[in-house]
Amino acid sequence: MRKFPVGRSTGLVALAGVNKRFGKAHVLKDVDLTIGKGDVVVVLGPSGSGKSTLCRTINRLERIDSGVITIDGDPLPSEGKALAQLRADVGMVFQSFNLFAHKSVLENVVLGPVKVRKVDRTVAKEKAMRLLERVGVADQANKYPAQLSGGQQQRVAIARALAMDPKVLMFDEPTSALDPEMVQEVLDVMTDLVEQGMTMVVVTHEMGFARRAADRVVFMSDGEIVEEADPDAFFTAPSSRRAQDFLGKILTH
């Protein structure tokens, strides 16, 4: 099992003793997790286990109640320009795409680098076109999101995140809103990113992708990390009863 001690200085992302509550619901309970540069960590678990909240705390879309989260050794900023910089360094691909409906595909990808990174617009457009080509939707550059399929929209969302040159990419169930025939085209783009060494945290129900692409599987239940293992060990012989029950339900359907 590939495991990293919490707080090690080489960890690109480190969570130590992280707690998060929504009212009376304790959704993250003393979570410790360290992600090294180039790691692909897939987070699995039943609905309501805290997976998406974990992603959103790393991107600072949710404020934690206690504990520490660091990116490249620096604690998460709480507001202002430093927070905008963090969001540029920690890319996020959402379940529901979150593209700007009133902007073209190209403008969706150009906007962040120009506004946040202060990249020259011409340079940003050239890079955006290269990224759209990379994810296979360059021919859709002048269309609006509503004119694209769900799979195309999600690939644009990935290009938009990549345009910021992030240190780590978070994927929060990126295929769960897609029709089945569109899932593979998004997973193919994600697999390409894995092969190119992108640091990724992926919340997903796509077990094939998890087994094939992950360096480490993190299994969550009831707000806790119950188990961490390499994919072969996890899928072949999970050590916890909760993981065994989860896989028994998932893999027999």
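Everything numeric here is computed off the predicted structure, so don't read it as measured data. (Residues numbered from 1 in each chain as written. Predicted model: local features only at pLDDT ≥ 70, side-chain atom pairs only at ≥ 80, totals over all residues. Heavy atoms only, no water.)

Overview of the overall build of the protein chain
Part 1 of the argument: Of regular secondary structure, the protein chain possesses nine helices and ten strands.
Part 2 of the argument: Relative to a compact globule of 253 residues, whose C-alpha radius of gyration would be 18 Å, the protein chain shows 18 Å and is just as compact.
Part 3 of the argument: With the C-alpha coordinates of the protein chain rotated into their principal frame, the extents come out at 50 × 40 × 35 Å.
Part 4 of the argument: The long-range fraction of contacts in the protein chain, counting pairs at least 24 apart against all pairs at least 6 apart in sequence, stands at 67%.
Part 5 of the argument: For the protein chain, the exposed surface amounts to about 11600 Å²; the carbon and sulfur share of it is 49%.
Part 6 of the argument: A gap of 6 Å separates the mean positions of the 33 positive and 32 negative side-chain charges of the protein chain. (Helix = DSSP H or I, 4+ residues; strand = E, 2+ residues; numbered from the N terminus. Rg over C-alpha atoms; globule rule 2.2 N^0.38 Å. Contact = heavy atoms within 4.5 Å. Areas by Shrake-Rupley, 256 points an atom, 1.4 Å probe, with all protein chains shown as cover. Lys, Arg positive; Asp, Glu negative; His and termini not counted. Charge placed at Lys NZ, Arg CZ, Asp CG, Glu CD.)

Observations concerning the sheet that holds strand β9 (residues 216-221)
Part 1 of the argument: Pairing in this open sheet of six strands is mixed, and the strands run β6-β7-β8-β3-β9-β10 from one edge to the other. Bordering the open sheet on either side are β6 (90-93) and β10 (224-229), each of which pairs with just one other strand. Recorded for the sheet is a direction-independent mean angle of 20° between the axes of neighbouring strands.
Part 2 of the argument: In the sheet, β9 pairs with β10 via five bridges, with the strands oriented antiparallel. Bridge assignment links V217 to a residue of β10, and that residue is A229. (Pairing = 2+ DSSP bridges. Axes fitted to C-alpha atoms, helices over the stretch in contact; angles between N-to-C directions.)

A look at the packing of helix α3 (residues 105-115) against helix α5 (residues 150-162)
Part 1 of the argument: For the pair α3 and α5, the least separation of the axes is 8 Å and the interaxial angle reads 25°. In terms of orientation, α3 and α5 fall into the roughly parallel class. Here α3 and α5 pass one another in a crossing that is right-handed. Taken together, the residues of α5 that come into contact with α3 (itself represented by V105, N108 and V109) are V156, A159 and R160.
Part 2 of the argument: Here the contact of α3 with α5 is composed, by residue class, of four nonpolar, one polar and one charged. (Parallel < 35°, antiparallel > 145°, perpendicular 65-115°, else oblique. Left-handed = near helix turned anticlockwise from the far one by under 90°. Nonpolar A, V, L, I, M, F, W, Y, C, P; charged D, E, K, R; others polar.)

Points about the sheet that holds strand β1 (residues 11-22)
By definition, the strands of a sheet pair up through backbone hydrogen bonds, in either a parallel or an antiparallel sense.
Part 1 of the argument: Sheet architecture is open: four strands sit in the order β2-β1-β4-β5, paired in antiparallel fashion. Edge positions in the sheet fall to β2 (25-36) and β5 (74-75), since each has one partner strand and no second.
Part 2 of the argument: Sheet topology places strand β4 (residues 66-71) next to β5; two bridges connect them, and they run antiparallel. Note on β5: the bridge partner recorded for I71 is D74.

Here we look at the layout of surface pockets
Part 1 of the argument: By volume, the largest pocket amounts to about 460 Å³.
Part 2 of the argument: Along its surface, the largest pocket is lined by 20 residues, and R87, M92, G112, R160 and M164 are the ones closest to its centre.
Part 3 of the argument: Elements represented by at least two residues in the lining of the largest pocket include exactly α2 (80-89), β6, α3 and α5.
Part 4 of the argument: With four residues, the single largest contributor to the lining of the largest pocket is α3. (1 Å grid on protein atoms, 1.4 Å probe; cavity = no way out; pocket = protein on both sides within 12 Å on 5 of 7 lines; lining within 4 Å. Points joined across faces, edges and corners; volume = space filled by probe spheres on them.)

Remarks on the pattern of salt bridges
Part 1 of the argument: The tally for this structure, following the rule as stated, stands at twelve salt bridges.
Part 2 of the argument: The closest approach of N and O atoms between E185 and R155, which form a salt bridge, is 2.9 Å. Of this pair, E185 sits in helix α6 (residues 180-195) while R155 sits in helix α5, and the two are 30 residues apart along the sequence.
Part 3 of the argument: Residue E185 is classed as partly exposed on the basis of its relative accessible area, which comes to 25%.
Part 4 of the argument: A cluster of three or more residues bridged by salt bridges with shared partners is formed by D72, D89, R117 and K167. (Salt bridge = Lys/Arg side-chain N within 4 Å of Asp/Glu carboxyl O. Buried < 20%, exposed > 50% of the residue type's maximum accessible area, 1.4 Å probe, protein only.)

Concerning helix α9 (residues 241-251)
Part 1 of the argument: Every buried residue of α9 is accounted for by A243, F246 and L247. Relative to the axis of α9, the buried residues are bounded by an arc of 95° and lie together on one face. For α9, the exposed residues set more than 90 degrees away from the buried face come down to R241 and K249.
Part 2 of the argument: The inward-facing, buried residues of α9 contact β3 (40-44), α7 (207-213), β9, β10 and α8 (231-236). (Arc of directions from axis to C-beta.)

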